[in-house]
Structures are given as C-alpha cells and as structure tokens.
Amino acid sequence: TLTFNASTFQWSGSNLNASNGGQVNQTGDYTLNNGRTATIESGADLMATGYFDVGNISNGTLIVDGVGSTFTSAGGYTEVGLGGSTGVATFRNGATANINSTYAIARSNTTASTSGTVNVQSGAGLTTNNIRIGSLDGNQGSGTMNVDGLGSTVLQNGVASLGIGKVNTANNVA
C-alpha cells in the first residue's frame, strides 16, 4: 500500500505502476501530468480522496486494466484534458471506475488545443454523477467518450446530467 498526500508527494520518474492487488491511496487533490502514466492492473486499486485530474496544463494518461482493478475519485470535479493539454483515461478488461462527482472531458473555455478521451472497453464499468464532454461555452477543446465491448457500461448516479459540447443560455433560460 502506498499512501501519499498530493500536496507533498513528488514523482521522481515518469510512471506509476500498481499491480497484483497493490493499493495506492491519494489524499487531497492531484493532477497526473508532465507526460506521466499511471497504470493500475491485475487487481490493484487507486483511491483518491480529492479530485484526480488527468492531463491538466500538460499531458497525462491513466490506465485501469483487468477484473478487480479499480479507480475511485471521491472529490470534486474530476477532469480529463484541461488547459491546453491532452488527457487519456482508459478503463478496460473488466476494470471499474467510480467518480463521485462530475466527470469532465476536455472542459476548456479558452484553449483550443485541449483534448480529453475516456475509453470504457472490454467489459469495464464507469459510474459517475454528471458527465461533461467538451467545452461548456465557446468552441474550444475536443472531448470524446468511447464505450466499446460486450458488458462495457457507463452509469450515472441519481438525478444526473449529460452535457455535450457548447451550451448556450439566452433569454433567462438555463
């Protein structure tokens, strides 16, 4: 088990690999960037108490692979691709992800080069509250969610919303 506080933990290399039932517990908010990749596989778990952004200001990749492998983000807005960067999150081969907030993919109001991709593949499952794909205003950024393969699911909790692309509000209509 690796437990770290996101405000004091510094990666010395470019990758984090957890496997064979390993556990990574992150307290506080964290951004996976600077070209780093986190791979959680073979029954390992990554649990974040705050948000866990993938690719904010610079590129990042999260891979959760295999039955029994889990990713949980219990904090606020969790984002993939932000601030002119590219973020990729892939859940595959029966892995599960639980995002206990809004999951935002390529949410950028000012930077056109922002790109975010979430892949749910090969029987993996993603459960979240609200989902936002692309910019909330303006025409910036490119967001994609791919759900592919038998048994692959995306579920939203409770009264949740799905926002895709540009949202305009006018004449006091929200």
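Going by the structure above, here's the rest.
Computed from a prediction, not measured in an experiment: that's the story for all the values here.

Draft legend 1. Quick peek at the sheet that holds strand β14 (residues 115-121). Judged by pairing direction, the sheet is parallel, and its six strands sit side by side in the order β2-β5-β8-β11-β14-β17 without closing on themselves. Unpaired on one side and paired on the other, β2 (15-18) and β17 (142-148) mark the two borders of the sheet. Strand-to-strand twist of the sheet, defined as the mean angle between neighbouring strand axes without regard to direction, takes the value 5°. Sheet topology note: the β14/β17 ladder contains seven bridges and is parallel. Bridged to Gln121 within β17 is Asp148.

Draft legend 2. Broad picture of the packing of aromatic side chains. Using the criterion set out here, one finds three aromatic pairs in the structure. Pairing Phe52 with Phe71 gives two aromatic rings, centres 5.4 Å apart and planes at 70°, and the pair type is edge-to-face. Of this pair, Phe52 sits in strand β7 (residues 52-56) while Phe71 sits in strand β9 (residues 70-73); the two residues are 19 residues apart in sequence, bridging distant segments of the chain. The burial state of Phe52 is the same as that of Phe71; both residues are buried. Measuring from centroid to centroid gives 6.3 Å for Phe71 and Phe91, while their planes differ by 25°, and the two rings are stacked. Of this pair, Phe71 sits in strand β9 while Phe91 sits in strand β11 (residues 86-92); the two residues are 20 residues apart in sequence, bridging distant segments of the chain. Both residues of the pair, Phe71 and Phe91, count as buried. A connected cluster of aromatic rings, assembled from ring pairs, spans Tyr30, Phe52, Phe71 and Phe91.

Draft legend 3. Main features of the nonpolar core. Of all hydrophobic cores here, the largest spans 29 residues; its most connected members are Phe52, Leu62, Phe71, Phe91, Tyr103 and Val118. Once you skip the residues sitting within four places of it in the chain, Leu62 turns out to touch Leu32, Ala38, Leu46, Val54, Phe71, Val88, Ala89, Thr90 and Phe91.

Draft legend 4. The pattern of salt bridges, seen in detail. Counting across every chain of the model gives one salt bridge. One salt bridge in this structure joins Arg92 and Asp65, with 3.3 Å as the shortest N-O distance. Taken together, the residues span a long stretch of sequence, with Arg92 in strand β11 and Asp65 in strand β8 (residues 60-65) at a distance of 27 residues. What makes Arg92 partly exposed here is its relative accessible area of 27%.

Conventions and cut-offs
- Residues numbered from 1 in each chain as written.
- Predicted model: local features only at pLDDT ≥ 70, side-chain atom pairs only at ≥ 80, totals over all residues.
- Heavy atoms only, no water.
- Pairing = 2+ DSSP bridges.
- Helix = DSSP H or I, 4+ residues; strand = E, 2+ residues; numbered from the N terminus.
- Axes fitted to C-alpha atoms, helices over the stretch in contact; angles between N-to-C directions.
- Phe/Tyr/Trp six-rings, centres within 6.5 Å; stacked < 30°, edge-to-face > 60°.
- Buried < 20%, exposed > 50% of the residue type's maximum accessible area, 1.4 Å probe, protein only.
- Core = buried A, V, L, I, M, F, W, Y, C linked by side-chain atoms within 4.5 Å.
- Contact = heavy atoms within 4.5 Å.
- Salt bridge = Lys/Arg side-chain N within 4 Å of Asp/Glu carboxyl O.

Shape is all these values report; function is a separate question.
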